[in-house]
Amino acid sequence: MPFVRNGPDGNGRGVTGSGPYGRRERPPPPEPLGEPTVDAHTHLDACGCVDAADVTAALDRASAVGVTRVVTVADDLASARWVVAAAHWDDRVTAAVALHPTRTAAVTDADRDEIARLAADPRVVAVGETGLDHYWEYSPPEAQEHAFRWHIDLAKRLGKPLMIHDRDAHADVLRILDEEGAPDTVVFHCFSGDATMARTCVDAGYVLSFAGPVTFKNAAALRATAALVPDEQLLVETDAPFLTPHPHRGRANEPYCLPWTVRGLAVVREVSAERVAAGARRTAERLFGLVDLPPVAAQPAPGVPQLRST
Ligand SMILES: [Zn+2]
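Below is a short write-up of the structure.

Calculation rules
Residues numbered from 1 in each chain as written. Predicted model: local features only at pLDDT ≥ 70, side-chain atom pairs only at ≥ 80, totals over all residues. Heavy atoms only, no water. Helix = DSSP H or I, 4+ residues; strand = E, 2+ residues; numbered from the N terminus. Contact = heavy atoms within 4.5 Å. Areas by Shrake-Rupley, 256 points an atom, 1.4 Å probe, with all protein chains shown as cover. Pairing = 2+ DSSP bridges. Axes fitted to C-alpha atoms, helices over the stretch in contact; angles between N-to-C directions. Phe/Tyr/Trp six-rings, centres within 6.5 Å; stacked < 30°, edge-to-face > 60°. Buried < 20%, exposed > 50% of the residue type's maximum accessible area, 1.4 Å probe, protein only. Lys NZ or Arg CZ within 6 Å of the ring centre and 35° of its normal. Parallel < 35°, antiparallel > 145°, perpendicular 65-115°, else oblique. Left-handed = near helix turned anticlockwise from the far one by under 90°. Nonpolar A, V, L, I, M, F, W, Y, C, P; charged D, E, K, R; others polar. Right-handed = clockwise from strand over helix to strand, strands pointing away. Polar contact = N/O pair within 3.5 Å; in protein donor to acceptor, adjacent residues only side chain to side chain. Core = buried A, V, L, I, M, F, W, Y, C linked by side-chain atoms within 4.5 Å.

Of the regular secondary structure elements, the protein chain holds 10 helices and 10 strands. Within the protein chain, contacts between residues separated by at least 24 positions form 74% of all contacts whose residues are at least 6 apart in sequence. As displayed, the protein chain offers around 11,800 Å² of accessible surface, 51% of which is attributable to carbon and sulfur atoms.

Given below as structure tokens:
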């Protein structure tokens, strides 16, 4: 999501930083899933987590309802340092790092060097979120495109999945992927395209990740899209603290809220929630190499700060 914490659920709060979202009241926990699953895209720092105890508490809440792993995603350099640290605090956490498209107006060589170094960490399982955002006007389109091309190249050099942010930029994102040559694994986080784009992505071998909006009452077209995606190309995510699923839209989102989205997808795909949960778990394990990851204890954090400096 954009770094400006403007509730994408339409509440219009132009809030920056973690505080107000972290303080919004959390929904009661959902009924636990019958199969464990993976939250493929969340922002634990923006959810209000600061230290290892916060991360453990958030993952305990998630695990209690069957969300046994998360990928926590950075959107700027400070966040990138924090997510890598968090991925070394708890075995259930892995990270993705990149500069969000809205954060690309003034990127230095030193910024790129640090992102590349952090992205090489063994507990960083994807380069992202990167892509294009034609909704917010914080970074000029040329700067976004330049950064997107650089992140595509980084993902290929590291052999890691590319995690795409595409807001109102479907055609340009697909064009640039074609021009650069896509990495082996491409994930469209919070997929928002129509059925035609979904088919294009599925045919290209891309993976589509669905978040809370598939549960929203006005999202019939998105639900139809979600029904088209094969199990092996489907992920589920919260994008917390944003996009809280129905029936708790507007309240604070966290990884433990994922079961509402899983159940929403199960209805549109006409399968059980267990099948959606297990299918998305297997897809995440395969794409992100989760099963083969050495435990945290075997991988001391490579000089990353233990706390986010803000
Ligand atoms: Zn996000």
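What follows deals with the sheet that holds strand β7 (residues 162-167). Taken in spatial order, the 8 strands make up an open sheet running β3-β4-β5-β6-β7-β8-β9-β10, and their pairing is parallel. Of all strands in the sheet, those bounded by a partner on one side alone are β3 (37-42) and β10 (234-236). Taken pair by pair, the neighbouring strands of this sheet meet at an average axis angle of 30 degrees, ignoring direction. Strands β6 (124-133), β7 and β8 (186-188) of the sheet are contacted by helix α6 (residues 170-180), whose axis makes an angle of about 150 degrees with β7. Contacts from helix α10 (residues 273-288) reach β3, β4 (67-73), β6, β7, β8, β9 (207-210) and β10 within the one sheet, and its direction differs from that of β10 by about 105 degrees.

Enumeration according to the criterion identifies 6 aromatic pairs in this entry. An angle of 75 degrees between the planes, with centres 6.2 Å apart, marks the rings of phenylalanine 188 and phenylalanine 191 as edge-to-face. Overall, phenylalanine 188 belongs to the buried group, its relative accessible area being 1%. Aromatic ring contacts, followed pair by pair, group Phe188, Phe191, Tyr206 and Phe210 into a single cluster. The ring of tyrosine 135 carries the charged tip of arginine 167 above its face, separated from the ring centre by 3.7 Å. The ring of phenylalanine 216 is capped by arginine 249, whose NZ or CZ atom sits 3.7 Å from the centre of that ring.

Further remarks concern the packing of helix α9 (residues 258-269) against α10. Remark: α9 packs on α10, axes separated minimally by 8 Å, with the N-to-C direction vectors making an angle of 110 degrees. Classed by the angle they form, the pair α9 and α10 counts as roughly perpendicular. Considering the relative orientation of α9 and α10, their crossing is right-handed. For the pair formed by α9 and α10, the contact residues are Val262, Arg263, Leu265, Ala266 and Arg269 on the first element and Ala273, Val276 and Ala277 on the second. Its residues assigned to classes, the contact of α9 with α10 shows 6 nonpolar, no polar and 2 charged.

Relative to the helices and strands, histidine 41 resides in strand β3. Residue classification places histidine 41 among the buried residues on the basis of a relative accessible area of 0%. Along the sequence, histidine 41 and methionine 163 sit 122 residues apart, while their C-alpha atoms lie 9.1 Å from each other. Not counting the four nearest positions on each side in its chain, histidine 41 is found in contact with Val71, Val73, Glu129, Met163, His189, Glu237, Thr238, Asp239 and Ala240.

Another aspect to go through is the pairing of strand β5 (residues 93-97). Of all the 5 residues making up β5, 5 are buried; the element is thus mostly covered by neighbouring parts of the structure. Every second residue of β5 is oriented toward a common face, with Val93, Ala95 and Val97 on one face and Thr94 and Ala96 on the other, all of them buried. Here 4 bridges tie β4 to β5, and the two strands are oriented parallel to one another. What sits directly across from threonine 72, in β5, is alanine 95. The parallel pair β4 and β5 is bridged by helix α3 (residues 77-87), and the resulting crossover is right-handed. Of the strand pairs in this sheet, β5 and β6 are connected by 3 bridges, and their pairing is parallel. The residue bridging alanine 95 from the neighbouring strand is valine 124, located in β6.

Take the side chain of asparagine 253 next. By secondary structure assignment, the location of asparagine 253 is in the loop between β10 and α9. A residue is classified by how much of its surface remains accessible, and asparagine 253, at 2% relative accessible area, is buried. Within the structure, the side chain of asparagine 253 is placed 3.1 Å from the backbone oxygen of threonine 238, a separation counted as a polar contact. Beyond its immediate chain neighbours, meaning those up to four positions away, asparagine 253 contacts Arg24, Cys47, Thr238, Asp239, Ala240, Pro241, Phe242, Leu243, Thr244 and Pro245.

Counting 73 residues, the largest nonpolar core has Leu44, Val55, Val97, Phe148, Leu177, Phe188 and Phe210 as its most contacted members. One finds Val38, Ala40, Leu235 and Ala284 within the second-largest nonpolar core, a separate group that totals 16 residues.

A word on the packing of α3 against helix α4 (residues 109-119). One way to put it is that α3 packs onto α4 with a least axis distance of 10 Å and a crossing angle of 15 degrees. Considered as vectors, α3 and α4 are oriented roughly parallel to each other. Crossing hand, α3 versus α4: left-handed. Residues Leu77, Ala80, Arg81 and Val84 of α3 form the contact with α4, whose own contacting residues are Asp111, Glu114, Ile115 and Leu118.

All we've got here are geometric facts, nothing functional implied.
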